[in-house]
Amino acid sequence: MQAPITLILILVTAAVSLLAFRTPSLAGRLILWPPAIDRNKQYDRLVTYGFIHADIWHLLFNMVTLFFFGRIMEQIITRLTGSVLVYIGFYLSALVVSILPTYLKHQKDPNYRSLGASGAVSAVLFAFILINPWAMIGVFFIPMPAIVFAVLYVAYSIWMDKRGGDNVNHGAHLAGAAYGVLFMIAMEPDVLSHFLGQLTRFGG
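Peer 1: Go over the overall build of the chain with me, naming the residues and quoting the values.
Peer 2: Counting secondary structure elements, the chain contains 10 helices and two strands. In sequence order, the secondary structure elements of the chain are arranged as α-α-α-α-α-α-α-β-β-α-α-α. Taking 204 residues into account, the globule formula puts the C-alpha radius of gyration at 17 Å, and the chain, at 17 Å, falls close to it. When burial is assessed residue by residue, the chain has 45% of its 204 residues classed as buried. Considering only contacts within the chain whose residues lie at least 6 apart along the sequence, 70% involve residues at least 24 apart. Put simply, the chain shows about 10,700 Å² of open surface, and 69% of that area lies on carbon and sulfur atoms. Here the chain contributes 13 positive and 9 negative side-chain charges, whose respective centroids are spaced 5 Å apart.

Here is the structure:
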């Protein structure tokens, strides 16, 4: 399956993340730090934070997920729109949209920082689920229908977002997931009827 943009995104993210592991000053410049945006107008941080990660496992989890689902969505979006630029715009805008609620919440907090591609990856994953809700996906090596995973993922993210304390930006995961669904429906409204039809077909 050819999906050059997804592979480029993975390679660039991996390269920047690995470099940032060894260069704290680079990580400090790219990370989402709200005061830098609010005071210094460094709006690029709303995108660059998604190209660095906390550690190798954080990076691997996001990039493996993007590898499996991003390749499929790249092909689907390109086929539906006739341009791979739409897929690129989808991914980059997902980085921005998924982090906006967090940024607005912590806009004046000098102690808050966030990093990682999880919000955009969630957007890609949930766009896939909208297309193929009964696809079997592996969750920590446990196979389950994608739609079941979606329900569990959203419920868990809401619960952990309210609970807090684990240094994971669950709010970005939720915002990214919602954006992935809304983007697909806005791009191709028939996707919603396709999704509902898939659910009904399984139930029948």
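Peer 1: Tell me what's going on with the packing of helix α5 (residues 56-81) against helix α7 (residues 118-131), and back it up with residues and numbers.
Peer 2: Contact geometry for α5 and α7: axes closest at 9 Å, N-to-C directions at 40°. Overall, the two elements α5 and α7 adopt an arrangement that is oblique. Seen from above, α5 lies across α7 with left-handed handedness. The residues of α7 that touch α5, namely those facing H58, N62, T65, L66, F69, G70, I72, M73 and I76, are S118, V121, V124, L125, A127, F128 and I131.

Peer 1: So what's going on with unusual backbone geometry? Which residues, and what values?
Peer 2: For K41, which is not glycine, the phi torsion reads 60° and is therefore positive. Within the fold, K41 resides in the loop between α3 (34-40) and α4 (45-48).

Peer 1: Got a sec to walk through the side chain of S157? Specific residues and values, please.
Peer 2: Residue position: S157 is located in helix α8 (residues 146-163). A distance of 2.8 Å separates a polar side-chain atom of S157 from the backbone oxygen of Y153. Excluding anything up to four places from it in sequence, S157 contacts H170, H173 and L174.

Peer 1: Account for the packing of α8 against helix α9 (residues 170-187), naming residues and giving values.
Peer 2: Look at α8 against α9: their axes get within 8 Å of each other, and the N-to-C directions meet at 145°. The crossing of α8 and α9 is left-handed. Each of Y153, V154, Y156, S157, I158, M160 and D161 in α8 lies in contact with α9, whose residues at this interface are H170, G171, H173 and L174.

Peer 1: Describe the pattern of salt bridges, listing the residues and the values that go with them.
Peer 2: Taken as a whole and assessed by the stated rule, the structure comprises two salt bridges. As a salt-bridge pair, R29 and D44 come within 3.1 Å of each other at their nearest N and O atoms. Residue R29 is located in helix α2 (residues 24-30), and its partner D44 is located in the loop between α3 and α4; the two are separated by 15 residues in the primary sequence. For the salt bridge of D38 with K108, the shortest nitrogen-to-oxygen distance reads 2.9 Å. Taken as a pair, D38 in helix α3 and K108 in the loop between α6 (84-105) and α7 lie far apart in primary sequence, 70 residues in all.

Peer 1: Explain the environment of L7 to me, and be specific about the residues and the numbers.
Peer 2: Of note, L7 is situated in helix α1 (residues 4-22). Overall, L7 belongs to the partly exposed group, its relative accessible area being 36%.

Peer 1: How would you sum up a nonpolar patch on the surface? Please name residues and give values.
Peer 2: Where nonpolar side chains cluster on the molecular surface, the patch consists of L7, L18, F21, I56, W57, L60, V64, F67 and F68 and spans about 830 Å² of accessible area. Secondary-structure elements contributing two or more residues to the nonpolar patch are α1 and α5. If one sorts the elements of the nonpolar patch by residue count, α5 sits on top with six residues. With respect to the helices, strands and loops of the structure, I56 is situated in helix α5.

Peer 1: Requested: an account of the packing of aromatic side chains, with residues and values cited.
Peer 2: The full count for this structure, using the stated rule, is eight aromatic pairs. Consider the rings of F149 and Y153, whose centres lie 5.3 Å apart with planes at 40°: the pair is tilted. In this pair, F149 and Y153 both sit in helix α8, four residues apart, roughly one turn of the helix. With relative accessibility at 17%, the residue Y153 sits in the buried group. Among the aromatic residues, ring-to-ring pairing joins F90, Y179 and F183 into one connected group. Taking NZ or CZ as reference, R71 lies 3.9 Å from the ring centre of F67, over its face.

What counts as what
- Residues numbered from 1 in each chain as written.
- Predicted model: local features only at pLDDT ≥ 70, side-chain atom pairs only at ≥ 80, totals over all residues.
- Heavy atoms only, no water.
- Helix = DSSP H or I, 4+ residues; strand = E, 2+ residues; numbered from the N terminus.
- Rg over C-alpha atoms; globule rule 2.2 N^0.38 Å.
- Buried < 20%, exposed > 50% of the residue type's maximum accessible area, 1.4 Å probe, protein only.
- Contact = heavy atoms within 4.5 Å.
- Areas by Shrake-Rupley, 256 points an atom, 1.4 Å probe, with all protein chains shown as cover.
- Lys, Arg positive; Asp, Glu negative; His and termini not counted.
- Charge placed at Lys NZ, Arg CZ, Asp CG, Glu CD.
- Axes fitted to C-alpha atoms, helices over the stretch in contact; angles between N-to-C directions.
- Parallel < 35°, antiparallel > 145°, perpendicular 65-115°, else oblique.
- Left-handed = near helix turned anticlockwise from the far one by under 90°.
- Polar contact = N/O pair within 3.5 Å; in protein donor to acceptor, adjacent residues only side chain to side chain.
- Salt bridge = Lys/Arg side-chain N within 4 Å of Asp/Glu carboxyl O.
- Patch = residues over 30% accessible without salt bridge, like charges linked within 9 Å, V, L, I, M, F, W, Y side chains within 5 Å.
- Phe/Tyr/Trp six-rings, centres within 6.5 Å; stacked < 30°, edge-to-face > 60°.
- Lys NZ or Arg CZ within 6 Å of the ring centre and 35° of its normal.

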